[in-house]
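# Tertiary structure, described
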Amino acid sequence: MKTLVWVEHDGKTVKDATLAAVGAALKLGEVHLLVAGQGVDAVAQGAARIAGVGKVHVADDAAYAYQLAENIAPLVVRLMEEHDAFVAASTTTAKNLCPRVAAMLDVMQISDILSVEGEDVFTRAIYAGNAIATVRTSDARKVITVRGTAFEKAAAEGGSATIEAVAATGDQGVATFVDAEIAQSARPELTSAKIIVSGGRALQNGDNFHALIEPLADKLGAAVGASRAAVDAGYAPNDYQVGQTGKIVAPEVYIAVGISGAIQHLAGMKDSKTIVAINKDEDAPIFQVADIGLVGDLFKIVPELTGKL
Ligand code: FAD
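Note that the structure is predicted; figures quoted are calculated from it, not measured. (Residues numbered from 1 in each chain as written. Predicted model: local features only at pLDDT ≥ 70, side-chain atom pairs only at ≥ 80, totals over all residues. Heavy atoms only, no water.)

## Here's the deal with the packing of helix α5 (residues 206–220) against helix α9 (residues 298–308)
Their axes nearest at 9 Å, the elements α5 and α9 cross at an angle of 35°. Where α5 crosses over α9, the handedness of that crossing is left-handed. Note on element contacts: α9 touches α5 through L298, F299, V302, P303, L305 and T306, opposite N208, L212, P215, L216 and K219. Split by residue class, the contact of α5 with α9 holds eight nonpolar, two polar and one charged. (Axes fitted to C-alpha atoms, helices over the stretch in contact; angles between N-to-C directions. Helix = DSSP H or I, 4+ residues; strand = E, 2+ residues; numbered from the N terminus. Left-handed = near helix turned anticlockwise from the far one by under 90°. Contact = heavy atoms within 4.5 Å. Nonpolar A, V, L, I, M, F, W, Y, C, P; charged D, E, K, R; others polar.)

So this is what it looks like as structure tokens:
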């Protein structure tokens, strides 16, 4: 089976999430990569060094400069004439691209897989992770997204794939890039951070969120996350959200501050290696998954903890 893996990148380097997608694709057989962009030589070189990869297809064209899914989907569809599966990490960008590819190929997308059980058989979480479904596809060509935390990442170095230029499929003229506002942060990225400090509704407002959660995160070299309640109330930006409808994370340490532990939040972080919960309610559901629990007022505990670190 020949699999094409979508390489997500920032124009210079391959994003970490791609390595997990390659890890999953290697379980299906031969792995090729697709690098689409403009001036992406360095990305293609980096992609070719990923262990286990046979070939890197590079589409270097102005139509792909801003990663518009509308332009990249036809390119993937054309390359799928010679591949059996298209695999991408379950990132925001890939969630924009993959359903378009699946629709154009007239196949059903298999989303957010947790394991590869066979060429056609995969597992995926349902009911916010409370049950695992085993799904079998009868589609000849597959479109699959991969939960990054469920697969071992392929090694970023050690491979020597061939690099092959592919012809562009052009600008489809249905979407135009206008502007991008990229959040700049010195903190680690949420989905690849080793430590995450997340804040919930209990923080009461954005000022408290900045004043309490961020200094603790910075002392620990951690990424900052938030519950949906904190995001909806405007204490933290949308891309901080952890959970069923946010990001799925599995760091070494997850510190939940003033978060009750609703199943939709747990769905995004319960695979973390060590979970620390700070909550004033000793019956809060978060304590059922926590390895270390601190019952008390976060407005007292967090400054004390930050001060002692
Ligand atoms: P609350 O549930 O209000 O909990 C606040 C906690 O803080 C309480 O446990 C309280 O005891 C504690 N507390 C209060 N004051 C203090 C204090 N001074 N010191 C210490 N502790 C204190 N939620 C997500 O997080 N992520 C998702 O992706 C997500 N997706 C959803 C999808 C759907 C379809 C639905 C229906 C819901 C989703 N939710 C999600 C929302 C989820 O159900 C909860 O409403 C949300 O997680 C609650 O956020 P919270 O824990 O911050 O707030």
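## What about the packing of aromatic side chains?
Where two aromatic rings form a pair, the distance of their centres and the angle of their planes describe that pair. Taken as a whole, this structure holds one aromatic pair when the rule is applied. An angle of 5° between the planes, with centres 3.6 Å apart, marks the rings of Y66 and F177 as stacked. With a gap of 111 residues between them, Y66 in the loop between β3 (53–60) and α3 (69–79) and F177 in the loop between β9 (162–165) and β10 (195–199) connect regions that are remote in the sequence. (Phe/Tyr/Trp six-rings, centres within 6.5 Å; stacked < 30°, edge-to-face > 60°.)

## Topic: the pattern of salt bridges
When the charged atoms of two side chains with opposite charge come close together, those side chains can pair. Considering all chains together, one arrives at 11 salt bridges under this definition. The shortest N-O distance in the salt bridge between D112 and R147 comes to 3.0 Å. Taken together, the residues D112 in strand β5 (residues 109–116) and R147 in the loop between β8 (142–146) and β9 connect sequence positions 35 residues apart. Judged by its relative accessible area of 12%, R147 falls in the buried class. A salt bridge links K308 to E304; its shortest N-O distance comes to 3.5 Å. Note that K308 and E304 are positioned in helix α9 at a spacing of four residues, about one turn of the helix. Through salt bridges with shared partners, a single network forms among R187, E214 and D218. (Salt bridge = Lys/Arg side-chain N within 4 Å of Asp/Glu carboxyl O. Buried < 20%, exposed > 50% of the residue type's maximum accessible area, 1.4 Å probe, protein only.)

## A closer look at the nonpolar core
Residues V5, V22, L33, V53, V56, I113 and I144 are the most contacted members of the largest nonpolar core, which totals 31 residues. Elements supplying a minimum of two residues to this core: α1 (16–25), β2 (30–37), α2 (41–48), β3, β4 (85–89), β5 and β8. Here this core gets five residues from one element, more than from any other, and that element is α1. Those residues in contact with I113 that sit more than four places away from it in its chain are F122, T123, R124, I144, T145, V146, R147, A150 and F151. Core analysis: the second largest hydrophobic core is formed by 26 residues, Y64, V76, L105 and V166 among them. (Core = buried A, V, L, I, M, F, W, Y, C linked by side-chain atoms within 4.5 Å.)

## Thoughts on the environment of L294
Structurally, L294 can be placed in strand β14 (residues 292–295). In this structure, the C-alpha to C-alpha distance between L294 and L105, residues 189 residues apart in sequence, is 51 Å. Ignoring any residue separated from it by four or fewer positions in sequence, one finds L294 in contact with A277, I278, N279, F287 and I301.

## Description of the sheet that holds β5
Strand order in the open sheet formed by nine strands is β7-β6-β5-β8-β4-β1-β2-β3-β9, with mixed pairing between adjacent strands. Where the open sheet ends on each side, the last strands, each with one partner, are β7 (131–136) and β9. Put simply, the sheet's adjacent strands are angled 35° from each other on average, direction ignored. Both strand β6 (residues 121–126) and β7 contribute to a ladder of six bridges, which runs antiparallel. Paired with A125 across the two strands is I132, which belongs to β7. Strand contacts of α1: β1 (2–6), β2, β3, β4, β5 and β8, with the helix running at about 170° to β1, the strand carrying the most contacts. Relative to the sheet, α3 contacts β1, β2, β3 and β4, its axis offset from that of β2 by approximately 150°. (Pairing = 2+ DSSP bridges.)

## With respect to the layout of surface pockets
Counted as a void, the second largest pocket has a volume near 470 Å³. If you go around the second largest pocket, you meet 27 residues; those closest to its centre are G200, R201, G258, I259 and S260. Those elements giving two or more residues to the lining of the second largest pocket turn out to be α6 (228–232), α7 (263–269) and α9. A per-class count over the lining of the second largest pocket returns eight nonpolar, 14 polar and five charged. (1 Å grid on protein atoms, 1.4 Å probe; cavity = no way out; pocket = protein on both sides within 12 Å on 5 of 7 lines; lining within 4 Å. Points joined across faces, edges and corners; volume = space filled by probe spheres on them.)

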